[in-house]
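Each chain, letter by letter, is given below.
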Amino acid sequence: MQGPGTNEKSLRQEMARRTGQYVQLACLSRLRGYDDHSMAKPPPPTGGDQVADRRAKLERMRSEFGIEPYGRRADGLIDLASARGLFDEVKQGDDRPTAAVAGRVVLHRDIGSLVFMTLRDASGDLQIALSKKAIESSIFKLAKLTDRGDIVVVRGRVGTTKTGEITLWAEPLPPSLPETGGLAAYEVASKALVPPPEKWKGLRDPELRYRQRYVDMFADPQVVQTFRLRSQIVSEIRRFMDQRQFLEVETPMLQPAAGGAAARPFVTHHNALDIDLFLRIAPELYLKRLLVGGLSRVYEINRNYRNEGVDRQHNPEFTLMEAYEAFGDYQSMLDLTESLIRHLAKTVEPTGVLTCHEHTIDYNQPFRRVRYAELFESACGFAMTETDRVRAKARESGLKEAGVDDWLVVNALFEAVAESGLVQPTFVTDYPAAISPLTRPRRDDPDLCERWDLFIGAMECGTAYSELNDPDVQEQKFRQQLAGADEQEQTYRSFDEDFLNALRVGMPPAGGLGLGIDRIVMLLTGRHSIRDVILFPLLKPPGDRGHQEENARKDK
């Protein structure tokens, strides 16, 4: 460590020598990663390098100022928005309200005898000011040494500048004040060793935004707002369901059979029991077991995992709500869902009218209801029962159809050509029974089932069934589904004998619902990609060749 007499230039040279290739190479891939432009070329190995300069300041804080620039416990702190709200234009001088705040420095201006900074926390921004006349000389020098990106603690009085901007003026507070009195007016709580994004450019590279969410959040306040809204939306869903006497439960994440959906699971192995297990693809079969056990209304909000494609609507790890109501059906679930979505929309925007991408969506209007067969014929120009034409259209559309069950081809074609026009909230009802093995068939047409899917903004958001509770019919449909799958799908499709046994014990007629929470949040916050509403979405490792291009392509 350098002595207190060492000047800044010598310190920078010493740090450059001691860090060597670490500064030049590690900073490229990690430390300099805050700024997407800095990724283009290695930092110059000179004393002017920003990382070396910051490390030199770190050493000065320890050696010259005798402080540890990684902070300590601080009591009595309030968020920046609350501090701003304390301002009282009537009060002057020592009558001004006092506050203690902490935040990250996003703007730093040194104008000689005054230092101005803009701090940011999750509640917003606030200007703070330090006057050479009002605080100790060492504290004022420490403020001058502060960089953008540092986290600091400031105590003082809330007033304004000459231009009228609300500002927290740092100054020692009377010892008589609880928690904040007698403490330093300014402290560095965490020294940032890498530069933050440029003020006006932020993190423009989506790859860096998702990979370094911790930077994205303080660089762009809108990101924090999105995740605040997400939290509020999930809380409101819980409140809505609780008020309707649904009981929230938790079911296994690790399952011996991957059931409840037709999806490829992630496989793991439990060493102590020496068995293979699956990360769940859906909680459905366990929630239905609870209906068998006597619970009449249950729901679960939790993560699910599907080892499948990644794009702007799909992430391998996603949040789903499933709910089941004994003696309900798909129509009762439809009414519940329409009320819930409208309630959420008005929670976010009281008018109930929201913009999602280029679309304006009015959640006040009754949601459209259209049958699957009608929508298919409207989009394709022929009925879904015309098998030859269906297969020809599938081949024309580049879809796999050889060796695939007729109804699976129908549904693949439906997804390819019919869903894109469903912008305003639309319930598509009465799906083919063959693609819905857990669903009760329609009594008037057993080839169809009592199921709907909800589409908003040309995106599927949820689905609901009148649940199948006849164990013999359920067993037959499981076997039909396995027979209709190709060889690859058969390796992970499951035949859940224990679930069939539960049905043999007796499950009441029921309605079941599944809603994609991430997609609902996308719609209500106007986000384009599911990665914008998941704090830490899955990305390819940065060492993979072409990982940036691949990850960016998935968001299109």
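Residues numbered from 1 in each chain as written. Predicted model: local features only at pLDDT ≥ 70, side-chain atom pairs only at ≥ 80, totals over all residues. Heavy atoms only, no water.

A short note on the sheet that holds strand S11 (residues 297–305)
Sheets are built from strands that pair by backbone hydrogen bonding, the pairs being arranged parallel or antiparallel. Convention followed: When DSSP finds two or more bridges between a pair of strands, those strands are recorded as paired. Segments assigned H or I by DSSP are reported as helices when at least four residues long, segments assigned E as strands when at least two residues long, and all are numbered from the N terminus. Should any heavy atoms of two residues lie within 4.5 Å, those residues are counted as being in contact. Think of each axis as a best-fit line through the C-alpha atoms, taken over the contacting stretch in the case of a helix, with angles from 0 to 180 degrees between the N-to-C directions.
What the eight strands build is an open sheet, ordered S7-S11-S12-S19-S18-S17-S16-S15; its pairing is mixed. Of all the strands in the sheet, the pair left with one neighbour each is strand S7 (247–248) and strand S15 (368–371). Examined bridge by bridge, S15 and strand S16 (residues 426–429) share four bridges and lie parallel to one another. Paired with Arg-371 across the bridge in S16 is Thr-429. Relative to the sheet, helix H11 (residues 372–380) contacts S15 and S16, its axis offset from that of S15 by approximately 80 degrees. Each of S11, strand S12 (317–326), strand S17 (451–456), strand S18 (459–466) and strand S19 (510–516) is contacted by helix H17 (residues 517–525), which is oriented at about 135 degrees to S18, the strand it contacts most.

Side note on the pattern of salt bridges
Pairing of side chains with opposite charge becomes possible as their charged atoms draw close. Test applied: Any Lys or Arg side-chain nitrogen located within 4 Å of an Asp or Glu carboxyl oxygen qualifies as a salt bridge.
Going through the model one piece at a time under the given rule, you end up with 42 salt bridges. Taking the shortest distance from any N to any O, the salt bridge between Glu-475 and Arg-479 comes out at 3.0 Å. A residue pair is termed a helical-turn pair when its members lie 3 or 4 positions apart in one helix, as Glu-475 and Arg-479 do in helix H14 (residues 471–484) at four residues. Via salt bridges that share partners, Asp-53, Lys-57, Asp-147, Asp-150 and Lys-191 belong to a single interconnected network.

A look at the packing of helix H8 (residues 221–243) against helix H10 (residues 330–348)
Helix-helix packing is described using two parameters, namely the angle between the two axes and the distance between the axes. Heads up, the rule is: Any angle that is under 35 degrees is reported as roughly parallel, and any over 145 degrees as roughly antiparallel; angles of 65 to 115 degrees are reported as roughly perpendicular and all others as oblique. In a left-handed crossing the near helix is turned counterclockwise from the far helix by less than a right angle, and in a right-handed crossing that turn is clockwise. All amino acids are sorted into three groups, where Ala, Val, Leu, Ile, Met, Phe, Trp, Tyr, Cys and Pro are nonpolar, Asp, Glu, Lys and Arg are charged, and the leftover types, Gly among them, are polar.
At a minimum axis distance of 10 Å, the contact between H8 and H10 shows a crossing angle of 140 degrees. Between H8 and H10, the angle falls in the class oblique. The chirality of how H8 crosses H10 is right-handed. For the pair H8 and H10, contact is made by Leu-229, Ile-233, Glu-236, Ile-237, Phe-240 and Met-241 and by Leu-336, Ser-339, Leu-340, His-343, Leu-344, Thr-347 and Val-348, respectively. Each residue belonging to the contact of H8 with H10 can be placed in one class, and the counts come to nine nonpolar, three polar and one charged.

Here we look at the environment of Leu-193
For clarity, the cut-off: We call a residue buried when its accessible area falls under 20% of the maximum for its residue type, exposed when it is over 50%, and partly exposed in between, using a 1.4 Å probe and counting protein chains only.
When you line up the elements, Leu-193 lands in the loop between strand S6 (186–190) and helix H6 (206–211). With relative accessibility at 18%, the residue Leu-193 sits in the buried group. Expressed as a C-alpha distance, the spacing of Leu-193 and Gly-149, which sit 44 residues apart in the sequence, is 8.5 Å. Apart from residues no more than four positions distant in its own chain, Leu-193 is found in contact with Val-51, Arg-54, Arg-55, Leu-58 and Tyr-70.

Some remarks on the sheet that holds strand S8 (residues 254–255)
In spatial order, the strands read S8-S10-S9; together these three strands make up an open sheet with antiparallel pairing. This sheet does not close on itself; its edge strands, each paired only once, are S8 and strand S9 (267–270). As defined by bridge partners, S9 adjoins strand S10 (residues 275–279) across four bridges and the pair is classed as antiparallel. Residue pairing across strands places His-269 opposite Asp-276, the latter belonging to S10.

Focus: the environment of Asp-121
Keep this limit in mind: In protein, a polar contact requires one atom able to donate a hydrogen and another able to accept it; more generally it is a pair of N or O atoms within 3.5 Å, and residues adjacent in sequence count only if both atoms are side-chain atoms.
With respect to the helices and strands, Asp-121 occurs in strand S2 (residues 114–121). In sequence terms Asp-121 and Val-101 are 20 residues apart; their C-alpha atoms lie 9.5 Å from each other. Looking at Asp-121, its side chain comes within polar contact range of the main-chain nitrogen of Leu-80, at 2.9 Å.

Digging into unusual backbone geometry
The phi angle at Asp-274 is positive, at roughly 55 degrees, despite the residue not being glycine. Looking at where Asp-274 falls in the secondary structure, it is placed in the loop between S9 and S10. In this model, Ala-458 sits at a positive phi of 60 degrees, which is unusual for a non-glycine residue. Considering the arrangement of structural elements, one finds Ala-458 in the loop between S17 and S18. For Ala-458, a relative accessible area of 26% corresponds to the partly exposed category.

Re the side chain of Arg-155
Positionally, Arg-155 belongs in strand S4 (residues 151–160). With sequence-adjacent residues up to four places away left out, Arg-155 is seen in contact with Ala-74, Ala-99, Ala-100, Trp-169, Ala-170, Glu-171, Leu-173, Thr-180, Leu-183, Ala-184, Ala-185 and Glu-187.

Topic: helix H5 (residues 137–145)
Ile-139, Phe-140, Leu-142, Ala-143 and Leu-145 are the residues of H5 that are buried. For H5, the elements touching its buried residues are helix H3 (50–63), strand S1 (98–110), S2, strand S3 (124–131) and S6.

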